[in-house]
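Here are the chains, one letter per residue:
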Amino acid sequence: MPIAIPAMPTQQVVDTAAGATDVLGRQLAEIVANDLRGSGLFTPVAPAQLRPVAFPEVNAPQFDYWGGTGAQALVQGFVRANGDGTLTVGCYLYDVFSKVELARQGFVVSPGDWRRAGHKCADTVYARLTGEGPYFDSRVVYVAETGPKAKRIKRLAIMDQDGANHRFLTNGQSIVLTPRFAPNQQSIVYMSYLGRIPSIYVYDIGSGRQRLVVQNVATTFAPRFSPDGRSILFSMAQAGNTDLYRVSVTGGTPQRLTTSPGIDTGGSYSPDGRRIVFESDRSGGQQLYVMAADGSDQQRISFGGGRYATPVWSPRGDQIAFTRLSGNFRIGIMSPSGGDEKLLTDSWQDEGPSWSPNGRVITFYRAGRGSQGKADLWSVDLTGVNERRIPTPLDGSDPAWGPLRP
């Protein structure tokens, strides 16, 4: 859909901790345009075709002019500095042909969160015009990598879904893998080689403190929070066998969920917490299985060519994303019963899918060939057509998309 997103005017130019309000108006419009363009469903009108909008026009658009640009929808807004140091950002969506207002929202944000107002505006537009849930105002945690492939330095890093507000959480003195957000987004569970033994830790984002989850065991890995945030699903290797376990988020004695010979790992809960999808080599090769949350009623669901790994349940509950290994590594989706399998990517090595909050987009990482091949974060939508690279300052792997921010 062609859509016009002119710079957001300000009634009075004021210098704020985030910058002057007129500059913020231009930057906010760019964020909205980039979010909507990145979804693959919108084509923002070129900036050269957008004239400045006066403040009184924000809620009284000149529809004839905007119709002449070819836009079918129009997003206008404003930026205002408040006396308490916060910012108010208005967001209005109009149907250019019908000449009617479709949505309006106002957001009050601190200067440090000004970009979030742009993402929230884009979410308002996206949800109203597509009927899908929003996803732009969200974050991604991942593993930032540097150094030669045989001796990588791996650090936890967190950023907005568009790559902005990037920061490192750990210093790289120990290898970290498979970070996953808690449902409340206040902590991250991950595997670390701290102490030279693969173990599961929880990192508190606010304080920077980390704690060991399961004490006095040999090897624990592949953790993920339950949907209610009260427990952690993980794998533990003991006596040559790897099974899925569940433990309270506060620690304690783990409950064993699988008992088959071989390796059971990569567990992911359904959104209602009633079922778990996981991978197992009990049939001789990696395949996907679904079971009840207590470990009962285990059933294989993958029967295509090759091996299947890293399953993750969609937040909508209707799909399971996975990595399929057959010659190359590809990201795919299937129904929870194993039907309607569809491969979305076709590169050398795509793996580690993670769902956007609305269940329409999947982030993953793509590794290049050879010892010099880079690892980058990418996303793809359910059509498999709209792929885009997510910018990161270093190589990246193991992305996990967090829930929509409150």
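Below, the structure is looked at part by part. Here the residue numbers are simple positions, counted from 1 along each chain's written sequence. Where local features are concerned, this predicted model is filtered to residues with pLDDT of at least 70; where side-chain atom pairs are given and counted, the filter is 80 or more; whole-chain, interface and lining totals use all residues. Side-chain calculation: all heavy atoms of the structure are included, whereas hydrogens and water are not.

**Examining the sheet that holds strand β1 (residues 2-4)**
Formally: When DSSP finds two or more bridges between a pair of strands, those strands are recorded as paired. In DSSP terms, a helix is any run of H or I states spanning at least four residues, a strand is any run of E spanning at least two, and both are numbered starting from the N terminus. Residue contacts are counted whenever heavy atoms from the two residues lie within 4.5 Å of one another. For helices, the axis comes from a line fit to the C-alpha atoms of the stretch in contact; other axes are also lines fit to C-alpha atoms, and the angle between any two N-to-C directions lies between 0 and 180 degrees.
In space, the five strands of this open sheet follow the order β4-β1-β5-β6-β7, with mixed pairing throughout. Strands with a single pairing partner mark the edges of an open sheet, and in this sheet they are β4 (43-44) and β7 (100-109). Where β1 lies against strand β5 (residues 73-81), two bridges are found, and the strand directions are parallel. Within the sheet, the bridge partner assigned to A4 lies in β5 and is L74. Docked against the sheet, helix α1 (residues 21-38) engages β1, β4, β5 and β6 (87-95), running at close to 145° with respect to β5. In this fold helix α3 (residues 114-130) packs onto β1, β5, β6 and β7, with an angle of close to 155° to the strand it touches most, β7.

**Some points on the packing of α1 against α3**
For clarity, the threshold we go by: Roughly parallel here means an angle under 35 degrees, roughly antiparallel means over 145, roughly perpendicular means 65 to 115, and every remaining angle is called oblique. Crossings are assigned a handedness: left-handed for a near helix turned anticlockwise from the far helix by less than a right angle, right-handed for a clockwise turn. The classification used treats Ala, Val, Leu, Ile, Met, Phe, Trp, Tyr, Cys and Pro as nonpolar, Asp, Glu, Lys and Arg as charged, and all other residues, Gly among them, as polar.
Where α1 meets α3, the axes come as close as 8 Å, and the angle between the chain directions of the two elements is 45°. The pairing of α1 with α3 is recorded here as oblique in orientation. Seen along the crossing, α1 lies across α3 with a hand that is right-handed. In this structure, α1 uses L24, Q27, L28, I31, V32, D35 and L36 to contact α3, whose residues at the interface are W114, R115, A117, G118, H119, C121, A122, V125 and Y126. Residues of the contact of α1 with α3, tallied by class, amount to 11 nonpolar, three polar and two charged.

**Things to note about the sheet that holds strand β27 (residues 350-355)**
Spatially, four strands are ordered β27-β28-β29-β30 in an open sheet, and the strand pairing comes out antiparallel. Of all the strands in the sheet, just β27 and β30 (387-390) have a single pairing partner and so form its edges. Strand-to-strand twist across the sheet, computed as the mean angle between neighbouring axes with direction ignored, equals 30°. Pairing of β27 with strand β28 (residues 361-367), which is carried by four bridges, proceeds in the antiparallel orientation. Bridging from a neighbouring strand, S354 pairs with T363 of β28.

**A short note on the state of the cysteines**
Filter applied, for reference: When two cysteine sulfur atoms lie within 2.5 Å, the pair is treated as a disulfide. When accessible area is computed with a 1.4 Å probe and restricted to protein chains, residues below 20% of their type maximum are described as buried, those above 50% as exposed, and intermediate ones as partly exposed.
Evaluation of the coordinates by the stated rule reveals one disulfide. Paired through a disulfide, C91 and C121 show a sulfur-sulfur distance of 2.1 Å. Its torsion about the S-S bond being 70°, the disulfide of C91 and C121 is classed as right-handed. Separated by 30 residues along the polypeptide, C91 in strand β6 and C121 in helix α3 bring together distant segments of the chain. An identical accessibility class is assigned to C91 and C121; each is buried.

**Considering α1**
Defined as follows: Helix span, as expected, comes to 1.5 Å for every residue beyond the first.
Here α1 spans 25 Å end to end across 18 residues, near enough to the 26 Å set by a 1.5 Å rise per residue. Residues of α1 that are buried: T21, L24, G25, L28, A29, I31, V32, A33, D35, L36 and G38. Positive backbone phi, approximately 80°, marks G40, located one or two places after α1.

**Brief notes about the environment of G317**
If you trace the backbone, G317 turns up in the loop between β23 (307-313) and β24 (320-326). Using a relative accessible area of 25% as the deciding quantity, one classes G317 as partly exposed. Along the chain, G317 and L288 lie 29 residues apart, while their C-alpha atoms are 16 Å from each other. Among residues more than four places away in sequence, those in contact with G317 are P271 and P336.

**Focus on the nonpolar core**
We count it as follows: In these notes, a set of buried Ala, Val, Leu, Ile, Met, Phe, Trp, Tyr and Cys residues joined through side-chain atoms within 4.5 Å is what counts as a nonpolar core.
With 39 residues, the main nonpolar core has I3, I5, V32, L36 and V75 as its most contacted residues. It is α1 that provides the largest number of residues to this core, a total of seven residues. Leave out the neighbours within four places in its chain, and V75 touches I3, A4, I5, P6, V32, C91, Y92, L93, C121 and V125.

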